[in-house]
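Listed below are the residues making up each chain.
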Amino acid sequence: MFALIVLEEYLDIIGIMRNQAGRYECKASNDVATPDVKYVNVVVNYPPTIKKTQSSETQVGRMGTLQCDATAVPTPEFEWYRDEKRLSNTQGINIQILGTTTILMIANVTEEDYGNYTCVASNRLGVQNASLFLYSEYGPGTGRDINGAACVSQSLWLLLASFACLFFKC
(Lines give C-alpha, C1' and ligand atoms only; values in the text may rest on other atoms or scores of the structure.)
Protein backbone atom coordinates (compact mmCIF):
# COMPACT_ATOMS: atom_id res chain seq x y z
CA MET A 1 0.00 0.00 0.00
CA PHE A 2 1.23 3.44 -0.95
CA ALA A 3 0.56 6.69 0.83
CA LEU A 4 0.49 9.85 -1.19
CA ILE A 5 1.44 12.93 0.73
CA VAL A 6 0.89 16.28 -0.97
CA LEU A 7 2.59 19.25 0.53
CA GLU A 8 1.47 22.70 -0.48
CA GLU A 9 3.63 25.76 -0.23
CA TYR A 10 2.50 29.34 -0.61
CA LEU A 11 4.30 32.56 -1.20
CA ASP A 12 2.47 35.48 0.35
CA ILE A 13 3.60 38.89 -0.86
CA ILE A 14 2.08 41.45 1.47
CA GLY A 15 1.87 45.01 0.12
CA ILE A 16 3.16 44.02 -3.30
CA MET A 17 4.79 46.76 -5.34
CA ARG A 18 4.75 47.10 -9.12
CA ASN A 19 8.48 46.32 -9.32
CA GLN A 20 7.75 42.89 -7.81
CA ALA A 21 5.79 41.80 -10.86
CA GLY A 22 7.40 39.11 -12.96
CA ARG A 23 8.10 35.41 -13.28
CA TYR A 24 8.44 33.40 -10.09
CA GLU A 25 9.81 29.85 -9.89
CA CYS A 26 8.53 27.10 -7.61
CA LYS A 27 10.86 24.12 -7.31
CA ALA A 28 10.08 20.85 -5.50
CA SER A 29 12.82 18.30 -5.00
CA ASN A 30 13.62 15.16 -3.05
CA ASP A 31 16.15 12.36 -3.19
CA VAL A 32 14.01 10.08 -5.38
CA ALA A 33 13.37 11.96 -8.63
CA THR A 34 14.56 14.96 -10.54
CA PRO A 35 13.22 18.27 -9.26
CA ASP A 36 9.86 19.47 -10.54
CA VAL A 37 9.81 23.13 -11.51
CA LYS A 38 6.76 25.30 -12.20
CA TYR A 39 6.62 28.99 -13.06
CA VAL A 40 4.04 31.57 -12.12
CA ASN A 41 3.70 35.00 -13.70
CA VAL A 42 2.66 37.65 -11.18
CA VAL A 43 0.93 40.70 -12.61
CA VAL A 44 0.60 43.81 -10.45
CA ASN A 45 -2.18 46.15 -11.56
CA TYR A 46 -1.79 49.88 -10.91
CA PRO A 47 -3.31 53.18 -12.09
CA PRO A 48 -1.65 55.32 -14.77
CA THR A 49 1.35 57.49 -14.04
CA ILE A 50 2.41 59.94 -16.72
CA LYS A 51 6.17 59.55 -16.95
CA LYS A 52 7.11 61.92 -19.74
CA THR A 53 5.53 64.66 -21.81
CA GLN A 54 6.91 66.57 -24.75
CA SER A 55 5.53 69.96 -25.73
CA SER A 56 6.37 71.43 -29.11
CA GLU A 57 7.74 74.68 -30.49
CA THR A 58 6.31 74.85 -33.99
CA GLN A 59 6.23 77.54 -36.66
CA VAL A 60 3.01 78.44 -38.45
CA GLY A 61 2.48 76.12 -41.42
CA ARG A 62 4.54 73.27 -39.95
CA MET A 63 3.55 69.99 -38.26
CA GLY A 64 3.12 70.27 -34.47
CA THR A 65 3.71 67.14 -32.38
CA LEU A 66 2.83 66.61 -28.70
CA GLN A 67 3.78 63.38 -26.93
CA CYS A 68 2.62 61.77 -23.69
CA ASP A 69 4.06 58.58 -22.12
CA ALA A 70 2.34 56.74 -19.26
CA THR A 71 2.85 53.49 -17.37
CA ALA A 72 -0.06 51.42 -16.08
CA VAL A 73 -1.37 47.88 -15.80
CA PRO A 74 -3.76 47.30 -17.47
CA THR A 75 -2.41 49.38 -20.37
CA PRO A 76 -3.83 52.92 -20.25
CA GLU A 77 -6.35 54.37 -22.66
CA PHE A 78 -5.60 57.90 -23.86
CA GLU A 79 -7.65 60.98 -24.69
CA TRP A 80 -6.56 64.46 -25.81
CA TYR A 81 -8.33 67.72 -24.97
CA ARG A 82 -8.02 71.35 -26.04
CA ASP A 83 -9.74 73.50 -23.43
CA GLU A 84 -12.84 71.41 -22.58
CA LYS A 85 -13.19 69.90 -26.06
CA ARG A 86 -12.16 66.29 -26.64
CA LEU A 87 -10.04 65.93 -29.77
CA SER A 88 -10.36 63.13 -32.30
CA ASN A 89 -8.83 62.14 -35.61
CA THR A 90 -10.25 64.80 -37.90
CA GLN A 91 -8.92 66.85 -40.76
CA GLY A 92 -5.63 68.32 -39.60
CA ILE A 93 -5.46 66.30 -36.34
CA ASN A 94 -4.00 62.80 -36.07
CA ILE A 95 -3.86 60.93 -32.75
CA GLN A 96 -1.69 57.83 -32.53
CA ILE A 97 -1.51 55.39 -29.62
CA LEU A 98 1.48 53.09 -29.47
CA GLY A 99 1.18 50.98 -26.30
CA THR A 100 1.91 53.33 -23.42
CA THR A 101 2.62 56.36 -25.64
CA THR A 102 0.25 58.70 -27.42
CA ILE A 103 1.17 61.31 -30.00
CA LEU A 104 -1.01 64.24 -31.09
CA MET A 105 -0.04 65.61 -34.50
CA ILE A 106 -1.42 68.88 -35.81
CA ALA A 107 -0.81 69.38 -39.52
CA ASN A 108 -0.25 72.88 -40.87
CA VAL A 109 -0.26 74.74 -37.51
CA THR A 110 -2.09 78.08 -37.44
CA GLU A 111 -2.11 80.87 -34.83
CA GLU A 112 -5.33 79.44 -33.39
CA ASP A 113 -3.64 76.08 -32.69
CA TYR A 114 -1.18 77.56 -30.18
CA GLY A 115 -1.98 76.95 -26.53
CA ASN A 116 -2.57 74.35 -23.85
CA TYR A 117 -3.46 70.72 -24.59
CA THR A 118 -4.29 68.01 -22.05
CA CYS A 119 -3.31 64.36 -22.27
CA VAL A 120 -5.48 62.01 -20.17
CA ALA A 121 -4.35 58.46 -19.36
CA SER A 122 -6.86 56.12 -17.70
CA ASN A 123 -7.54 52.51 -16.82
CA ARG A 124 -10.04 50.84 -14.47
CA LEU A 125 -7.84 51.74 -11.47
CA GLY A 126 -7.50 55.49 -12.06
CA VAL A 127 -6.85 58.54 -14.20
CA GLN A 128 -3.98 60.97 -14.57
CA ASN A 129 -3.59 63.98 -16.85
CA ALA A 130 -0.85 66.36 -17.92
CA SER A 131 -0.75 69.71 -19.71
CA LEU A 132 1.35 70.19 -22.81
CA PHE A 133 1.90 73.29 -24.92
CA LEU A 134 2.05 73.97 -28.61
CA TYR A 135 3.90 77.27 -28.95
CA SER A 136 5.87 79.44 -31.34
CA GLU A 137 9.44 80.64 -30.92
CA TYR A 138 7.95 83.59 -28.99
CA GLY A 139 6.94 81.41 -26.02
CA PRO A 140 4.29 79.01 -24.70
CA GLY A 141 0.70 79.88 -25.47
CA THR A 142 1.60 82.59 -27.94
CA GLY A 143 1.79 82.78 -31.66
CA ARG A 144 3.70 85.33 -33.61
CA ASP A 145 2.22 88.60 -32.35
CA ILE A 146 2.64 91.02 -35.23
CA ASN A 147 -0.10 93.31 -33.88
CA GLY A 148 1.61 93.42 -30.47
CA ALA A 149 4.88 94.50 -32.08
CA ALA A 150 3.05 97.21 -34.03
CA CYS A 151 1.35 98.34 -30.81
CA VAL A 152 4.74 98.77 -29.06
CA SER A 153 6.03 100.70 -32.06
CA GLN A 154 2.95 103.00 -31.99
CA SER A 155 3.38 103.54 -28.24
CA LEU A 156 6.99 104.66 -28.73
CA TRP A 157 5.93 107.14 -31.43
CA LEU A 158 3.18 108.53 -29.21
CA LEU A 159 5.65 108.92 -26.35
CA LEU A 160 8.12 110.74 -28.60
CA ALA A 161 5.32 112.93 -29.99
CA SER A 162 4.25 113.79 -26.41
CA PHE A 163 7.78 114.83 -25.49
CA ALA A 164 8.04 116.90 -28.67
CA CYS A 165 4.71 118.55 -27.83
CA LEU A 166 5.91 119.40 -24.33
CA PHE A 167 9.19 120.74 -25.64
CA PHE A 168 7.64 122.81 -28.44
CA LYS A 169 4.41 123.65 -26.51
CA CYS A 170 1.86 122.13 -28.90
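Please refer to the structure higher up on the page.
Residues numbered from 1 in each chain as written. Predicted model: local features only at pLDDT ≥ 70, side-chain atom pairs only at ≥ 80, totals over all residues. Heavy atoms only, no water.

Student: Explanation requested: the packing of aromatic side chains in the structure shown.
Tutor: Aromatic ring pairs are described here by two measures, namely the spacing of the ring centres and the angle between the planes. Tallying each qualifying case throughout the model produces zero aromatic pairs. The ring of Y46 has R18 sitting right over it, with the charged end atom 3.8 Å from the ring centre. (Phe/Tyr/Trp six-rings, centres within 6.5 Å; stacked < 30°, edge-to-face > 60°. Lys NZ or Arg CZ within 6 Å of the ring centre and 35° of its normal.)

Student: Please explain unusual backbone geometry as it appears in this structure.
Tutor: A negative phi angle is the norm for most residues apart from glycine, just as the trans form is the norm for most peptide bonds. Note that the residue after V73, namely P74, is joined by a cis bond; omega there is 0°. Its location among the elements puts P74 in the loop between β5 (64-73) and β6 (77-82). Despite not being glycine, D83 shows a phi value in the positive range, around 60°. Structurally, D83 is set in the loop between β6 and β7 (85-86). (Helix = DSSP H or I, 4+ residues; strand = E, 2+ residues; numbered from the N terminus.)

Student: I keep staring at the layout of surface pockets and nothing clicks. Help me out?
Tutor: To find leftover empty space, one rolls a probe the size of a water molecule over the atoms. Roughly 210 Å³ of volume is contained in the second largest pocket. Considering the residues around the second largest pocket, the lining is formed by E9, Y10, L11, I13, Y24, E25, C26, K38, V40 and V42. Looking at the lining of the second largest pocket, the elements that each hand over two or more residues are β1 (22-28) and β2 (36-42). In terms of residue class, the lining of the second largest pocket is made up of seven nonpolar, no polar and three charged. (1 Å grid on protein atoms, 1.4 Å probe; cavity = no way out; pocket = protein on both sides within 12 Å on 5 of 7 lines; lining within 4 Å. Points joined across faces, edges and corners; volume = space filled by probe spheres on them. Nonpolar A, V, L, I, M, F, W, Y, C, P; charged D, E, K, R; others polar.)

Student: Would you mind showing me how to read the pattern of salt bridges here?
Tutor: Where side chains of opposite charge bring their charged atoms close, a pairing between them can arise. Summed over all chains, the structure comprises one salt bridge. Between E79 and R86 there is a salt bridge, with the nearest N and O atoms lying 3.5 Å from each other. With relative accessibility at 25%, the residue E79 sits in the partly exposed group. (Salt bridge = Lys/Arg side-chain N within 4 Å of Asp/Glu carboxyl O. Buried < 20%, exposed > 50% of the residue type's maximum accessible area, 1.4 Å probe, protein only.)

Student: Please explain the pairing of β5 as it appears in this structure.
Tutor: On a regular strand, one side chain projects to one face of the sheet and the next to the other, so that they alternate. Pairing of strand β3 (residues 46-54) with β5 involves six bridges; the strand directions are antiparallel. The residue of β5 that forms the bridge with T53 is C68. (Pairing = 2+ DSSP bridges.)

Student: Mind showing me how you'd approach the state of the cysteines here?
Tutor: Summed over all chains, the structure comprises one disulfide. With its sulfur 2.2 Å from that of its partner, C68 forms a disulfide with C119. Looking along the S-S bond of the C68-C119 disulfide, the torsion reads about -80°, which is the left-handed sense. You can see C68 sitting in strand β5 and its partner C119 sitting in strand β10 (residues 115-123), a full 51 residues away along the chain. By relative accessible area, which is 0% here, C119 ends up buried. (Disulfide = S-S within 2.5 Å.)

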